[in-house]
Amino acid sequence: WQKRWMNSEYKADLGKFRLAAGKFYGDPVRDKGLQTSENSKFYAISSRFKPFSNKGKTLVIQYTVKHEQKIDCGGGYVKIFPSNLDQKNLSGDSHYYIMFGPDICGSETKKVHVILNYKNKPHPIKKQIRCKVDGYTHLYTLIIRPDQTYKVKIDNEMVASGNLEDDLDFLPPRKINDPTVRKPTDWDDRIQIDDPNDIKPEDWDEPEYIVDTSAEKPEDWDDAVHGEWRYPRVKNPLYRGEWKPRQIDNPNYRGVWPHPQIDNPDYSPDFSIYSYENISIIGLDIWQVRAGTIFDNFLITDDEVYAEDFGDETWGETKGPEKEMNIKQAEEEQERERLTEEKYFEQRFKKKLERKKESGKDRAVRNAIKKEEL
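This one's a predicted model, so the numbers in the text were calculated from it and none came from an experiment.

Chemist: Report on the packing of aromatic side chains, specifying residues and quantitative values.
Modeler: According to the stated counting rule, one finds 13 aromatic pairs in the structure shown. Note on F24 and Y136: the rings are 5.9 Å apart at their centroids and 75° apart in plane angle, and the pair reads as edge-to-face. One end of the pair, F24, is in the loop between β2 (17-20) and β3 (33-36); the other, Y136, is in the loop between β10 (122-124) and β11 (137-144), and 112 residues separate them in sequence. Each of the two residues, F24 as well as Y136, counts as buried.

This is how it looks when you write it as structure tokens:
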């Protein structure tokens, strides 16, 4: 694999990949993949293949990701590059065509990236696609068709689909608001209004802070050093904040005004959004706080059916045994912890008995001495 993959040299301290199947697996040989091995590192590695264009063809990008370390922050995505990429200087600034795959960071970011480059600008998908976070191997598939539709699959099941033009902001909108039309002045779109019958109570206005007259001047207070002593100010328990009248439903509410739409003069259709020339490199350009992710079963093809079958023959055949091995390891670990705990309490119990015996002997000796003294 070292011959097929080239490590970037753009930074001296990039993380290193190794070939591994992980701590648990479905098959010790078939499940070997590229594994990140160092915590809190950037990783950059790529593999080159014969250049091709997907013009007029379906493009399928597929691979497996296994976050067996239960990753808390780090990327698991791949990037597709043109043939002119300088692989030895691959970095986050390198121009790419497509970025696809899971990204996890904390409790908020657990998504699948779908980013396509159009006119030298990356355009992310507007849909939220949640990735898998359970620590097992998962199959990720992106399908881009010549009719400019796409599909995202996880574990050979569709999780998102749509039209590229609709779901990514490649082009200006087809329709815009008519700039010659203004909302009528008598159009009331306020859902709620102030209740005109609600009157502010007379005792409402209280200052937020009051002088604490119960405080006493410290004995060591020096006016020459600290200035003239004054009573401190404290929060007023009677302060109720700024008064606002309660809200009621607006009887004159007419809803949101429907701004008339017209065709956008700046819009021009582009039926080649989906296509790229000289597709030639797949790479991993990621950051990981906790290492251990395994990448495997990379596939780029124009055949959706073949990709699905390939996924079933690789990930599909080892996913069950992988889970079984992980469950078995967890059960064995629990049993070891139980035996360790039992042994610990058994030793404590023995020591307790020994201390009781010793304390009993000491009492007998002390009683004998007391009798002799008496």
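Chemist: Outline a nonpolar patch on the surface, listing residues and values.
Modeler: On the surface, a nonpolar cluster with roughly 320 Å² of combined accessible area is contributed by I191, Y253 and V256. Summarising the element assignment, I191 is placed in the loop between β14 (175-177) and β15 (192-194). Its relative accessible area of 55% is what places I191 among the exposed residues.

Chemist: An account of the sheet that holds β2 is needed here, citing residue identities and associated values.
Modeler: Strand order across the open sheet formed by seven strands is β2-β3-β21-β5-β11-β12-β13, with antiparallel pairing between neighbours. Edge positions in the sheet fall to β2 and β13 (157-163), since each of these pairs with one other strand and no more. On average, each strand axis in the sheet is inclined to that of its neighbour by 25°, with strand direction left out of account. By the bridge criterion, eight bridges tie strand β5 (residues 59-66) to β11 in an arrangement that is antiparallel. For L59, the partnering residue across the bridge sits in β11 and is I144.

Chemist: I'd love a proper account of the environment of Y231, names of residues and values included.
Modeler: Here Y231 is to be found in the loop between α2 (223-226) and β17 (233-235). Each residue touching Y231, except ones within four places of it in the same chain, is listed here: V211, D212, T213 and A215.

Chemist: Describe the pattern of salt bridges, and please don't skip the residues or the numbers.
Modeler: Tallied over the entire structure, the rule returns 25 salt bridges. Between R174 and E165 there is a salt bridge, with its nearest N and O atoms 3.1 Å apart. The class of E165 is buried, set by a relative accessible area of 15%. Through salt bridges that share partners, K66, E68 and E322 make up one connected network.

Chemist: So what's going on with unusual backbone geometry? Which residues, and what values?
Modeler: For N120, which is not glycine, the phi dihedral falls at a positive 65°. Structurally, N120 can be placed in the loop between β9 (109-117) and β10. The exposed category is assigned to N120, whose relative accessible area is 66%. Despite not being glycine, N297 has its phi angle at roughly 55°, a positive value. Locating N297 in the fold gives a position in strand β21 (residues 294-301).

Chemist: Explain the UniProt feature "binding site: an alpha-D-glucoside" (unreviewed entry) in the protein to me, using residue names and the numbers behind them.
Modeler: Mapped onto the present numbering, the UniProt feature "binding site: an alpha-D-glucoside" (unreviewed entry) falls at Y77, K79, Y96, D103 and D285. Among the secondary structure elements, Y77 is positioned in the loop between β6 (73-75) and β7 (78-82). Apart from the residues lying within four places of it in its own chain, the contact partners of Y77 are Y63, M99, F100, G101, P102, D103, H113, L284, D285, I286 and F295. For D285, the position within the fold is in strand β20 (residues 279-288). Aside from chain neighbours lying at most four places away, what touches D285 is Y43, A44, Y77, K79, S91 and G92.

Chemist: Can you explain the nonpolar core? Please cite residues and give values.
Modeler: Counting 53 residues, the largest nonpolar core has I98, F100, L116, V152 and L164 as the members making the most contacts within it. Going through the elements one at a time, β4 (41-52), β5, β7, β8 (98-105), β9, β11, β12 (149-154) and β20 are the ones with two or more residues in this core. The element that contributes the greatest number of residues to this core is β20, accounting for five residues. In this structure I98 touches L59, I61, V78, K79, I80, I115, L116, L142, I144 and Y276, once residues within four positions along its chain are discounted. Core analysis: the second largest hydrophobic core is formed by five residues, I143, L299, A307 and F310 among them.

Scoring rules and cut-offs
- Residues numbered from 1 in each chain as written.
- Predicted model: local features only at pLDDT ≥ 70, side-chain atom pairs only at ≥ 80, totals over all residues.
- Heavy atoms only, no water.
- Phe/Tyr/Trp six-rings, centres within 6.5 Å; stacked < 30°, edge-to-face > 60°.
- Helix = DSSP H or I, 4+ residues; strand = E, 2+ residues; numbered from the N terminus.
- Buried < 20%, exposed > 50% of the residue type's maximum accessible area, 1.4 Å probe, protein only.
- Patch = residues over 30% accessible without salt bridge, like charges linked within 9 Å, V, L, I, M, F, W, Y side chains within 5 Å.
- Areas by Shrake-Rupley, 256 points an atom, 1.4 Å probe, with all protein chains shown as cover.
- Salt bridge = Lys/Arg side-chain N within 4 Å of Asp/Glu carboxyl O.
- Pairing = 2+ DSSP bridges.
- Axes fitted to C-alpha atoms, helices over the stretch in contact; angles between N-to-C directions.
- Contact = heavy atoms within 4.5 Å.
- UniProt positions renumbered as here; feature names shortened; annotations may be inferred.
- Core = buried A, V, L, I, M, F, W, Y, C linked by side-chain atoms within 4.5 Å.

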